[in-house]
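# Inside the fold
Spelled out from the first residue to the last, the chains are:
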Amino acid sequence: VVYWVLNVVGVMEPRAAVGTPVAETPAHRAGFAAGDVVIAIDGAQVRSWNEMTWLLLQRAVERASFDVVVERADGATRTLRLDLASLQPAEIEGNPLPKIGLRPFGGQPRIGRVSDGGAAQAAGLRPGDRVLEIEGSSVSSARELIDRVRGAAGKPLAFVIDRDGERLTVTVTPVATRDADGSEIGRIGAEIGERPQLVEVRYGPVEGLALALQKTWDTAVFSLRMLGKMLVGEASLKNLSGPVTIADYAGQTARLGAAAYLSFLALVSISLGVLNLLPIPLLDGGHLLYYAIEIIKGSPPSEWLVHWGQRAGIGLLFLLTALALYNDLTRLLF
C-alpha cells in the first residue's frame, strides 16, 4: 500500500545521470562516460537514480552480466555491456555502486555554497566561481575537482578560476579530515558541482498498483536470496543488520523527507515479514512447517520434535540477534 501511494502521488528523485567512471572498474570497462543517462537496465525501464541503484543491486548480488542502455549528452542512445563477475562478496555489502564504478554526475567544476570559516572562504572563493586549473593542470568536471581536493589534505593548491569572465588565481589549502572509512581526506568547506537534476516519478493508479506489487515481491525474493548467499558464503554476514542500524537509517531517511521515510518503513516491513515466514520454530513459519508435517503425516508432530524444535529455534534466533547487534556496533564504532 505504501509503494502504491508513493507511485500514484509521485516523488522527486535524482536523474540517473552518471559521472566519469572510476578507472579499472566494471563501469569503466563497459564504456560509461560522464553525462550518460541510464534509461534501461536488462530490459527494465529506468526513470531515476534510485531505480537504477535497485536494479544494479539485484544484479550485483548475482555478479551478472547484462545490457545497459544509456543516452549520451548529444541525445544518441547506446547499449553497453556491464559485467559484474569480478565483484567479490565483501564488495557487495551496502552500496555496490562505488565498486561498480558509477557515481552521480556532478556537472561543471563550479563552486556552490561556501561555508563560514572554511578553507574556501579563507581563500576568497565565491559561489559561482568555475575552477579551470589546479596546480597547472586543467579540471574538466566536478568529480575531478572533488577527487583533487580530497587527495590534497593540508597541501596548498593553486586554483585558476573564472569569475564573471575574469581569470583569477587563488591558493586554497584543503583541511585534513577523516572520511567514513577512517582515511584522511581534504575538504575546503564548499559545495562543488551542480545539484542533481530531479525528475518526477509518477504512475497511474492501475500501473502504480502493479509496480507496487512487483516491488514488494522483488524485495521479498531479494531478501531470501541474500540470506541464502550469506549461508553459503557468497555474501558477507555484515549485510545482516539489527535495531541500531534500523534506527540510524530511519533517522537519515526522515531527514530526507516523508517519501524516503515511508519507503524505508516499507522495506523494513517486508524484511520482517520474510524473516517471520522462515521455517524456524517460534516464528509463524515454524508453525506452518508443523502444519505441513501434520498434513503429510496425518497426525501432529511428536512432542519431542516440537520440544527440541523450540530449543533449536530459540538458539538460532539468539545467534541471529547477536550477530546483527555485533554488526550494528561495528558500524557505529568503527
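Coordinates for the structure precede this section.
Reading the values: the criteria
- Residues numbered from 1 in each chain as written.
- Predicted model: local features only at pLDDT ≥ 70, side-chain atom pairs only at ≥ 80, totals over all residues.
- Heavy atoms only, no water.
- Helix = DSSP H or I, 4+ residues; strand = E, 2+ residues; numbered from the N terminus.
- Buried < 20%, exposed > 50% of the residue type's maximum accessible area, 1.4 Å probe, protein only.
- Areas by Shrake-Rupley, 256 points an atom, 1.4 Å probe, with all protein chains shown as cover.
- Lys, Arg positive; Asp, Glu negative; His and termini not counted.
- Charge placed at Lys NZ, Arg CZ, Asp CG, Glu CD.
- Phe/Tyr/Trp six-rings, centres within 6.5 Å; stacked < 30°, edge-to-face > 60°.
- Lys NZ or Arg CZ within 6 Å of the ring centre and 35° of its normal.
- Pairing = 2+ DSSP bridges.
- Core = buried A, V, L, I, M, F, W, Y, C linked by side-chain atoms within 4.5 Å.
- Contact = heavy atoms within 4.5 Å.
- Axes fitted to C-alpha atoms, helices over the stretch in contact; angles between N-to-C directions.
- Parallel < 35°, antiparallel > 145°, perpendicular 65-115°, else oblique.
- Left-handed = near helix turned anticlockwise from the far one by under 90°.
- Salt bridge = Lys/Arg side-chain N within 4 Å of Asp/Glu carboxyl O.
- 1 Å grid on protein atoms, 1.4 Å probe; cavity = no way out; pocket = protein on both sides within 12 Å on 5 of 7 lines; lining within 4 Å.
- Points joined across faces, edges and corners; volume = space filled by probe spheres on them.
- Polar contact = N/O pair within 3.5 Å; in protein donor to acceptor, adjacent residues only side chain to side chain.

Time to look at the overall build of the protein. When its secondary structure is counted, the protein shows eleven helices and 14 strands. Out of the 334 residues in the protein, the part that is buried amounts to 36%. As presented, the protein carries roughly 18800 Å² of accessible surface, and 60% of it is formed by carbon and sulfur atoms. Between the centroid of the 32 positive side chains of the protein and the centroid of its 35 negative side chains there is a distance of 2 Å.

With that out of the way, let us pick up the packing of aromatic side chains. Counted according to the given criterion, the structure contains two aromatic pairs. Summarising the aromatic geometry, the rings of tyrosine 249 and phenylalanine 264 are spaced 6.4 Å apart at their centres and angled 20° between planes, so their arrangement reads as stacked. With a gap of 15 residues between them, tyrosine 249 in helix 8 (residues 243–256) and phenylalanine 264 in helix 9 (residues 258–276) connect regions that are remote in the sequence. Over the ring of phenylalanine 66 we find arginine 59; its NZ or CZ atom is 5.9 Å from the centre of that ring. Directly above the ring of tyrosine 3 sits lysine 215, whose terminal nitrogen or CZ lies 4.7 Å from the centroid.

All right, on to the sheet that holds strand 9 (residues 157–163) then. Strand order in the open sheet formed by four strands is 8-7-9-10, with antiparallel pairing between adjacent strands. Each of the sheet's edge strands pairs with one partner strand only, and the pair in question is strand 8 (137–138) and strand 10 (166–172). Where strand 7 (residues 130–134) meets strand 9, four bridges bridge the pair, whose relative direction is antiparallel. In the sheet register, arginine 130 faces strand 9, and the bridge partner there is aspartate 162.

Next up on the list: the nonpolar core. Note that soluble globular proteins tend to have their nonpolar side chains buried in a common cluster. Formed by 23 residues in total, the largest nonpolar core has its most connected members in Phe32, Val38, Ile41, Met52, Leu56, Leu82 and Ile100. Residue assignment for this core shows that the elements contributing at least two residues are helix 2 (26–30), strand 2 (37–41), helix 3 (49–62), strand 4 (65–71), strand 5 (77–83) and helix 4 (97–100). If one sorts the elements of this core by residue count, helix 3 sits on top with five residues. Leaving out residues up to four positions away in the same chain, leucine 56 has contacts with Ile41, Phe66, Leu82, Leu84, Leu97, Ile100 and Leu102. Listed in part, the 20 residues of the second largest apolar core include Val131, Leu157, Ile161 and Ile192.

Further remarks concern the packing of helix 1 (residues 2–9) against helix 9. Between helix 1 and helix 9, the shortest axis-to-axis distance is 9 Å and the interhelical angle comes to 155°. Taken as axis vectors, helix 1 and helix 9 run roughly antiparallel relative to one another. Along this stretch, helix 1 crosses helix 9, giving a crossing that reads as left-handed. Side by side, helix 1 and helix 9 meet where Val2, Tyr3 and Leu6 of the first sit next to Ala259, Leu262, Ser263, Ala266, Leu267 and Ile270 of the second.

So, on to the pattern of salt bridges. Counted according to the given criterion, the structure contains eleven salt bridges. The partner of aspartate 147 in a salt bridge is arginine 103, with the nearest N and O atoms 3.5 Å apart. In this pair, aspartate 147 sits in helix 6 (residues 142–150) while arginine 103 sits in the loop between helix 4 and strand 6 (111–114), placing the two residues 44 residues apart along the sequence. Aspartate 147 gets classed as partly exposed once you look at its relative accessible area, which sits at 35%. In this structure arginine 103 comes out as buried when scored by relative accessible area, which is 17%. Residues aspartate 129 and arginine 163 are paired through a salt bridge, measuring 2.8 Å at the closest nitrogen-oxygen approach. Taken together, the residues span a long stretch of sequence, with aspartate 129 in the loop between helix 5 (119–123) and strand 7 and arginine 163 in strand 9 at a distance of 34 residues.

Attention now goes to empty space enclosed by the protein. The final tally for this structure, using the stated rule, is one cavity of 30 Å³ or more. As a volume, the largest cavity reaches approximately 30 Å³. Together, Gly19, Thr20, Ala34, Phe105, Gly106, Gly107, Ser141, Ala142 and Arg143 line the largest cavity.

Another point: the side chain of serine 48. Considering the arrangement of structural elements, one finds serine 48 in the loop between strand 3 (44–45) and helix 3. There is a polar contact of 2.3 Å between the side chain of serine 48 and the side chain of glutamate 13. Not counting the four nearest positions on each side in its chain, serine 48 is found in contact with Glu13, Pro14, Ala16, Val199 and Val201.

The antiparallel open sheet is built from four strands, whose spatial order is 3-2-4-5. Edge positions in the sheet fall to strand 3 and strand 5, since each has one partner strand and no second. Of the pairings in the sheet, the one linking strand 2 to strand 3 comprises two bridges and is antiparallel in character. Each residue of the ladder has a partner; that of alanine 40, found in strand 3, is glutamine 45. Helix 3 rests against strand 2, strand 3, strand 4 and strand 5 of the sheet, and its axis sits at about 50° to strand 2.

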